[in-house]
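The lines below spell out each chain.
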Amino acid sequence: MDLELSEDQKLFRNTTAKFLDDKLPVEKVRELNKAGGGFPAELWEQGAELGWAALLVPEDLGGGSISGNGFQDLAIVAEEFGRLVTPAPLIPVNTVIAGLVEGAATGADHSETIEGLMSCELVGAWAAYEPKGHWDPLNPSTTAAKNGGNYVITGVKDRVEAGDVAGVFLVSAKTENGVALFMVPADAAGVTTELVDSLDFTRHHALVRFDGVTVPAEAMVGNESSTAEIVERMFLVANALQCAELNGVINRVFEFTVQWAFDRYSFGRPLASYQALKHRFSDMRTWIEICNATADEAVKAVNNRSADASRLVSVAKAYIGTKSVQIIQDCVQMHGGLGVTWEHDCHLYLRRATTDRQLFGTPADHKRRIADLIGL
Amino acid sequence: MSDQMESVEDFRIRARAWLADNMPKLDPKKEYNTNRVADREWVEHRELQKKLFAGGFAGLCFPKEYGGQGLTLAHQLAFTEESVPYEMPLRLNVPSLSICSGMLLDMGSEEQKQKYLRGAISGEIILCQFLSEPSGGSDLAGLLTRAQRDGDTYVINGQKCWSTYAYAADYATCLVRTDWDAPKHRGLSMIIVPVHDDATHLQRVRMVDGSDEFCEEYFTDLVVPAANLVGTENDGWTVGQRQLFYERQAVGGGSPYTSGRAPSRGSSAGLTLENLAREVGKDKDEATRELVGWQNALDTVNHQLIKRITVGMTSGEYPAMASSMMRLAHAEIPQNKMDAMLEIAGDEAVTSTVEGDGYLRSVGVQYLMRQGASLGGGSAEMSKNMISERVLMMPREMAADRDVPFREIRRGR
């Protein structure tokens, strides 16, 4: 919802929105859920033509952006995904791409994987969480033992979005020299995935076991000295995309809730005429405006690699993570009992927002991170 | 001089050099208290404004013909950034330059602009507002102060209150009733009046934190020239609306006519949450760190919001009433800060246990004024009406006084 989009970016938004409205309106999302969830592979592949996985890829590898600011363009897609609770691995794939691009300077060449991901034929997933662990990507208990020219990876990861369909995993593991990231093909011997229940309506998360999985040394992304930097970049990319997506979510929920307030009459007058409710709508409208403002700044900072990007992303995630679910819950309240029925769309958005809020750092995690970043 | 406007970057470089050569460096130990002004500051700030004016850096966004520089908001923001290390005439920003001068630029006669607007920009004159009255705050148009036309003059009788810094001002823009038979919005007029006059009794109002920056005034047959009427007689509501627009903009922090940056409400220099946490030894406490991180997020998003709304209103994408969102944020965010300060200061906030300045106790005292953030400059509730009715276009509140002659409207006792 950047007020300063270029004409090209506006066109890009419209094209993306129209594509999603045609191919995957919310009714279709419901059908997908009934059929067991997940996203339709053909939709993701068609997304390749719209650049969904190309915007963070350098031009010499065939990528490119609309505006010269690839991350800002990608945030536009994320926002549209939020608007329709689109089930496709936008965040995992682009986060993995960001990690591979970031690691290129300090490690092995992964351009073939990047090309596969960019074509949307290959899905990549970031295996960062571990069972019962909180967000702590630089402290894995998963190990990578050196064995000649290979590494043997052993450990369990969970909350891996799109883990069920991923062709490659980006796995963090302890080596003798620190913590490293490895590209592990899903079909390597010793990799097993198991779907877990996800709160999101159509997004799947998996538990992935790595039982002595052997990968060549070139599977490493960057090296142990650059891991923290690569993980930070991925973390910023994932969180800023969540923020953009959450904006799409709350803008849409607020839009249909305001409409409801005009259409719904009680005691002979529309809900929108009651001051007690008008004031709550005004609060929500203001918080949404702030959410839009702070997400734009976070996205810009990540795009421009600003010195303050880490703090600005945590500011955005802390704020939007907190306010988004609060706004949606109040919109549920405005709908009365209807708002908590399966039939109503509110819960689809609430599921998506809650999932985004909780993963890659909760608002509380980000608040403490801000305190760290400002030197307290 | 060419007609081409100087680029923001060129301007910034020129401003940086000029500031370094001309303005006094800010003493970091000198306290800037948002709630109280020292008497010497009025003298100093008038002088600082005269310096800015002489150097061609006063009223950057006001037109040149009234003493401004005819530059853009981007120039002003650049100047404000550059001015942070220096003493700036911050006390003249609100209401004199941002609210009263903004209104006069839009609504004043040529003669009024040459005298009062130029005077305010050059540092010769300080302006204030005579708006609110004791009979009602939010219902401004229900005001009772009357002005009677008498030849070339108006004779004013009545009472005003909540006039910020009036004691230090020279002239006030005063909203009065000139027609009692018209409905309330259509019988008002805006008149420029001198603040210090034998017919006006002015007194300062003491607030719960001990500050006394607000004033109240009693007028007994105050005579002013009819030429001081701003706009036309009985069209004062239009003029007043313009002034209120600038007030919301200024209170929200988005005025193009303010120069330099004052610390936000609820803070005086040095009293940051980080410093407070360290002082009471809670800087490693997780709960405190969350409070500090959250407030940093809120302060950051507040600036981001101001920037966004200013862009939206400048481009015309947002209605003027969108400024009410800034006003609302400016209530919620400082109030969160005061709550956090109280929490962090803990049991040290209520007694002066620290030898010397009672630094921690000021947290408790500031907390007493917490609601000031959602009252001053128009209550948060009025802003919520504005946003719902003018931005979301929801139905207006029922008003019992619409289209009723003012003298027939029921009033409280």
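What you see is a predicted model, and the numbers here were worked out from it, not measured in a lab.

Colleague: Looking at this structure, I do not really get the overall build of chain A. What am I missing?
Modeller: When helices and strands are tallied, chain A shows 11 helices and 10 strands. By the compact-globule yardstick of 21 Å for 376 residues, chain A fits well, its C-alpha radius of gyration being 21 Å. Referenced to the eigenvectors of the C-alpha coordinate spread, the extents of chain A come out at roughly 80 × 45 × 40 Å. Looking at chain A as a whole, 53% of its 376 residues qualify as buried. Considering only intrachain contacts with a sequence separation of at least 6, the fraction spanning at least 24 residues in chain A is 77%.

Colleague: Could you clarify how one ought to interpret the interface of chain B and chain A in this entry?
Modeller: In many analyses, interface size is given as the accessible surface area lost on bringing the parts together. Counting from both sides, the interface comprises 32 residues of chain B and, opposite them, 30 residues of chain A. Of all the secondary-structure elements, those providing two or more residues to the side of chain B that touches chain A are helix 7 (273–279), helix 8 (286–314), helix 9 (323–345) and helix 11 (380–391) of chain B. Among the elements that make up the side of chain B that touches chain A, the one with the highest residue count is helix 8 of chain B (15 residues). In terms of residue class, the side of chain B that touches chain A is made up of 15 nonpolar, seven polar and 10 charged.

Colleague: How should I be thinking about helix 8 (residues 275–304) of chain A in this particular structure?
Modeller: Since one α-helical turn is 3.6 residues long, residues separated by three or four positions face the same way. Residue and element names in this part refer to chain A. Given a rise of 1.5 Å per residue, 30 residues ought to cover 44 Å, and the 43 Å separating the end C-alpha atoms of helix 8 matches this to within 8%. Among the 30 residues in helix 8, 23 count as buried, and that is most of the element. Immediately beyond the C-terminal end of helix 8, within one or two residues, lies Arg305, with a positive phi of roughly 50°.

Colleague: Before we go on, may I ask you to explain the environment of Gly372(B) in this structure?
Modeller: All names here are of chain B. Assignment of secondary structure puts Gly372 in the loop between helix 10 (361–368) and helix 11. Taking the number of C-beta atoms within 10 Å as the measure of exposure, Gly372 has 22 and is therefore buried. The spatial distance from the C-alpha of Gly372 to the C-alpha of Cys215 is 15 Å, given a sequence separation of 157 residues.

Colleague: Just to check I follow, could you spell out the domain arrangement of chain A for this structure?
Modeller: Residue and element names in this part refer to chain A. In terms of domain boundaries, chain A breaks down into domain 1 (7–118), domain 2 (124–221) and domain 3 (227–373). Averaged C-alpha coordinates put domain 1 and domain 2 at centres separated by 22 Å. Listed by partner, the interface residues are 22 residues for domain 1 and 18 residues for domain 2. Going through the elements one at a time, helix 2 (26–34), helix 5 (90–103) and helix 6 (111–118) are the ones with two or more residues in the side of domain 1 that touches domain 2. When residues of the side of domain 1 that touches domain 2 are assigned to their parent elements, the largest contribution, eight residues, is made by helix 5. Among the residues making up the side of domain 1 that touches domain 2, the classes are represented as 13 nonpolar, nine polar and no charged.

Colleague: How do you make sense of unusual backbone geometry when you look at a structure like this?
Modeller: The general pattern is negative phi for most residues beyond glycine and trans for most peptide bonds. All names here are of chain B. For the bond running from Val94 to Pro95, omega is 5°, close enough to zero to count as cis. By secondary structure assignment, the location of Pro95 is in helix 4 (residues 93–107). Its identity as a non-glycine residue notwithstanding, Tyr165 has a phi of 60°, on the positive side. Mapping Tyr165 onto the fold places it in the loop between strand 3 (153–164) and strand 4 (171–177). Its 21 C-beta neighbours within 10 Å are what place Tyr165 among the buried residues. Phi at Asn234 takes a positive value of approximately 70°, unusual for a residue other than glycine.

Colleague: Honestly, the nonpolar core in this entry has me stumped. Any pointers?
Modeller: Side chains that are nonpolar tend, in soluble globular proteins, to be buried together. If you look at the biggest cluster of nonpolar residues, it comprises 155 residues, and the most contacted ones within it are Ile97(A), Phe182(A), Val184(A), Ala240(A) and Ile328(A). Examining the composition of this core, we find that 18 residues originate from one element, helix 7 (residues 227–263) of chain A, more than from any other. Ignoring anything within four residues of it in the chain, the contact list for Phe182(A) reads Ala144(A), Tyr151(A), Ile153(A), Val171(A), Ala173(A), Val215(A), Ala219(A), Met220(A) and Val221(A). If you look at the next biggest cluster of nonpolar residues, it comprises 69 residues, including Ile99(B), Ile126(B), Ala169(B) and Phe219(B).

Colleague: Would you take a moment to explain the packing of helix 7 of chain A against helix 10 (residues 346–358) of chain A for this structure?
Modeller: Two quantities define a packed helix pair, namely the angle between the axes and the distance from one axis to the other. Residues and elements named next belong to chain A. Across the interface, helix 7 lies against helix 10 with an axial gap of 10 Å and an inter-helix angle of 155°. Comparing their axes, helix 10 and helix 7 come out roughly antiparallel. Remark: the crossing between helix 7 and helix 10 carries left-handed chirality. Each of Gln242, Glu245, Leu246, Val249, Arg252 and Val253 in helix 7 lies in contact with helix 10, whose residues at this interface are Cys346, Tyr349, Arg352, Ala353 and Asp356.

Reading the values: the criteria
Residues numbered from 1 in each chain as written. Chains lettered and ligands numbered in written order. Predicted model: local features only at pLDDT ≥ 70, side-chain atom pairs only at ≥ 80, totals over all residues. Helix = DSSP H or I, 4+ residues; strand = E, 2+ residues; numbered from the N terminus. Rg over C-alpha atoms; globule rule 2.2 N^0.38 Å. Buried ≥ 20, exposed ≤ 12 C-beta atoms within 10 Å, placed from the backbone. Contact = placed C-beta atoms within 7 Å. Nonpolar A, V, L, I, M, F, W, Y, C, P; charged D, E, K, R; others polar. Expected span 1.5 Å × (residues − 1). Domains from an automatic or database assignment. Core = buried A, V, L, I, M, F, W, Y, C linked by C-beta atoms within 7 Å. Axes fitted to C-alpha atoms, helices over the stretch in contact; angles between N-to-C directions. Parallel < 35°, antiparallel > 145°, perpendicular 65-115°, else oblique. Left-handed = near helix turned anticlockwise from the far one by under 90°.

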